[in-house]
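Observations on chain architecture
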Amino acid sequence: MKTTLLAILTIFASLSAYGGEEKKVTGNKTSGLSEQVVRQLPPIRIVCIGNSITEGYGNTCQEMAWPGQANRLLGDGYTVINCGVSGTTMFKNSDYPYWNTSNFVKAKNMDPQILIIALGTNDAHPSRWNKLSGEFKADYLSMVNEFRQDGKKPIIYVCLPPPLFGPLKKEQNEVVEQKLIPCIKEIAKEIGAYIIDYHQPLLGASEGFPDDVHPNDAGSALMATIAAQAIKEAQVIEPHLTVSDGKIEQGGIAIVKKGSDVIFNPTPQKGSWEWSGPEGFTASGRNVKIENIQRGGIYTAVYTDSNGKRSVANFLISVEGEKGPDLIANVKDMEGQWIKSDFIQVNPGGSVTLKPTVEKKDEGLIWTWKGPKGFFAGTQEITLSTVLPEQTGKYIVTCTDKHGRQNWKAFTVKVEGEKVCPDLVPYINYQNGWQRVYEMEVKEGDNVSFGPHPMNGEWHWNGPSGFTSDRRDPTISNFSKEKAGDYIGTFTNAVGCRLELTIRLKLKK
């Protein structure tokens, strides 16, 4: 960002921001209750693996990609982690397999309770499919097995890819419809997976896919609705528990005294149940009794109905008076440096990164956030991009350890002052990949694309021969003398910034 527009970024120490003892926070109210914990049930972890359609290549920001929008639709009982990587395939032996990405490692390390697999569109390109089609099913099953190692049993959703539109994508779309989708359906039946159908419901939604492949924000909203509906329809567990000496919060949280008993008795009544919990705990049956509790923990129930369909729910037992690790508040300044503080002031249009840490390394910590305007997240670190004044307020993070002990920290974000606008950074993609340049020579008949930053806003382009596009990253196909010239992009964002960038394309002689 331009230094002249950075204006005020002020970080105060915690004592000056609060000047006193922490209090219990419930919603937007505070009280002097002795139990200084903001109780939060650990959300169900949903991990999405996929290509650019999942990562958010065509969206104004990753929060507007379909996993981010599905996260908001599902609510605070779930956290959706986007592990998509643009350009990737399920094929192990292709030019860019998902298998070789750091996000594949991240996705496995997240230990998903629900896994959504949205790969296949790039595999269906005729240049790949005609060569490697016989390997697709084996590679897909191998991917599933990667997430089932060490006895793990995530509930799996497989996605039928959205349609590809337009004459240039006709051949690839035929592969999707005639070869890929039947194969994925066969795999789903074999592994007992749910199906999220992004194809049939979106056949008439070409406006949401302006480059004929990638959804814009509106197209991703349609995909998010389909995904959220599929998950909600399948996740049928209604949590219920009773305690001998303690209290219940939110239906799935028991706060008990040492020596107490807890009985889990969720519904539905018919079907089979598998339970897992701390220190290797396992059980079967709907009614499960935990006796003489000395330590708490997170207990997970997986329900299977008569048709083999599975759903999952988390329960929390926490011993009264015990709290999780002490949390250290950190905020990131505009130079990218972390500073120990729980207060940050930033101008509208700026960005805010908040991250609690603990003094001693502790494996298996679970993080949940709540904040203004229904904000919710299930990661340790959060970033608020292009912040608006209405995002001012307290962001409360709750940390849960493996023994069910919780602690919390409140961060205050204050958004005020003159708006700040970003620098526009040009990128052109031609022959040697993405380059940070304003102009490029292109051979006649070649394709070239440009996709400047930032992403968190809207772009509109005007260019030679009546060219217009509302994508950040348009492609100029079959380049010619008539298409050479200046392409002027107008960027606008939520705080009212309006900036212009010129990309110049020349005909290479």
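In short, a report on the structure. Model, not experiment: these values are computed from the prediction. (Residues numbered from 1 in each chain as written. Predicted model: local features only at pLDDT ≥ 70, side-chain atom pairs only at ≥ 80, totals over all residues. Heavy atoms only, no water.)

Comments concerning the packing of helix α5 (residues 102–109) against helix α7 (residues 136–147)
Closest axis-to-axis distance for the α5/α7 pair is 9 Å, and the angle between their directions is 45°. With respect to each other, α5 and α7 are oriented oblique. Between α5, through Phe104, Ala107 and Lys108, and α7, the contact on the second element is made entirely by Met143, Glu146 and Phe147. Grouping the amino acids of the contact of α5 with α7 by side-chain chemistry returns four nonpolar, no polar and two charged. (Axes fitted to C-alpha atoms, helices over the stretch in contact; angles between N-to-C directions. Helix = DSSP H or I, 4+ residues; strand = E, 2+ residues; numbered from the N terminus. Parallel < 35°, antiparallel > 145°, perpendicular 65-115°, else oblique. Contact = heavy atoms within 4.5 Å. Nonpolar A, V, L, I, M, F, W, Y, C, P; charged D, E, K, R; others polar.)

A word on the packing of aromatic side chains
Taken as a whole and assessed by the stated rule, the structure comprises 24 aromatic pairs. Ring centres 6.1 Å apart and planes at 65° place the aromatic pair Phe104 and Phe147 in the edge-to-face group. Pair noted here: Phe104 is in helix α5 and Phe147 is in helix α7, with a separation of 43 residues, a long-range link. With respect to burial, Phe104 and Phe147 carry one shared label: buried. Aromatic rings pair up to connect Phe264, Trp273, Trp275, Phe281, Tyr299, Tyr303 and Phe315 into one cluster. Directly above the aromatic system of Trp99 lies the positively charged group of Lys92, at a separation of 4.5 Å from the ring centroid. (Phe/Tyr/Trp six-rings, centres within 6.5 Å; stacked < 30°, edge-to-face > 60°. Buried < 20%, exposed > 50% of the residue type's maximum accessible area, 1.4 Å probe, protein only. Lys NZ or Arg CZ within 6 Å of the ring centre and 35° of its normal.)

What to know about the nonpolar core
Core analysis: the largest hydrophobic core is formed by 38 residues, its most contacted members being Ile49, Tyr98, Phe136, Tyr140 and Met143. Secondary structure elements with two or more residues in this core: β3 (44–50), α5, β5 (114–118), α6 (126–132), α7, β6 (155–160) and α8 (170–191). In terms of residue count, α8 provides more of this core than any other element does, nine residues in total. Filtering out sequence-adjacent residues up to four positions away, Tyr140 remains in contact with Met90, Ile117, Val158, Cys159, Ile184 and Ile187. Membership of the second largest hydrophobic core comes to 32 residues, among which are Ile46, Tyr157, Tyr198 and Val302. (Core = buried A, V, L, I, M, F, W, Y, C linked by side-chain atoms within 4.5 Å.)

Quick look at the state of the cysteines
One pass over the full model with this rule turns up one disulfide. Disulfide pairing places Cys421 opposite Cys497 at an S-S distance of 2.1 Å. Torsion about the S-S bond of the Cys421 and Cys497 cystine: about -95°, corresponding to left-handed handedness. With Cys421 in the loop between β25 (406–415) and β26 (428–429) and Cys497 in the loop between β33 (485–492) and β34 (498–507), this pair connects stretches of sequence that are 76 residues apart. A relative accessible area of 1% means that Cys497 is categorised as buried. Left unpaired, Cys83 is separated from the closest cysteine sulfur, that of Cys48, by 8.0 Å. (Disulfide = S-S within 2.5 Å.)

Here's the deal with the pattern of salt bridges
Taken as a whole and judged by the stated rule, the model has 20 salt bridges. A salt bridge links Glu190 to Lys137; its shortest N-O distance comes to 3.0 Å. Within this pair, whereas Glu190 is found in helix α8, its partner Lys137 is found in helix α7, the two being separated by 53 residues in sequence. Here Asp473 and Arg472 are joined by a salt bridge, their closest N and O atoms 3.7 Å apart. Both residues of the pair, Asp473 and Arg472, count as buried. Connected via shared salt-bridge partners are Asp211, Arg471, Arg472 and Asp473. (Salt bridge = Lys/Arg side-chain N within 4 Å of Asp/Glu carboxyl O.)

A look at the sheet that holds strand β20 (residues 352–358)
If you trace the four strands from one edge of the open sheet to the other, you get β18-β17-β20-β23, paired in antiparallel fashion. Whereas interior strands pair on both sides, the edge strands pair on one side only; in this sheet they are β18 (338–340) and β23 (382–384). Averaged over all pairs of adjacent strands, the angle between their axes in this sheet comes to 30°, without regard to strand direction. Two strands pair when backbone bridges link them, and β20 and β23 are joined in this way by three bridges, in the antiparallel orientation. Paired with Thr353 across the strands is Thr383, a residue of β23. (Pairing = 2+ DSSP bridges.)

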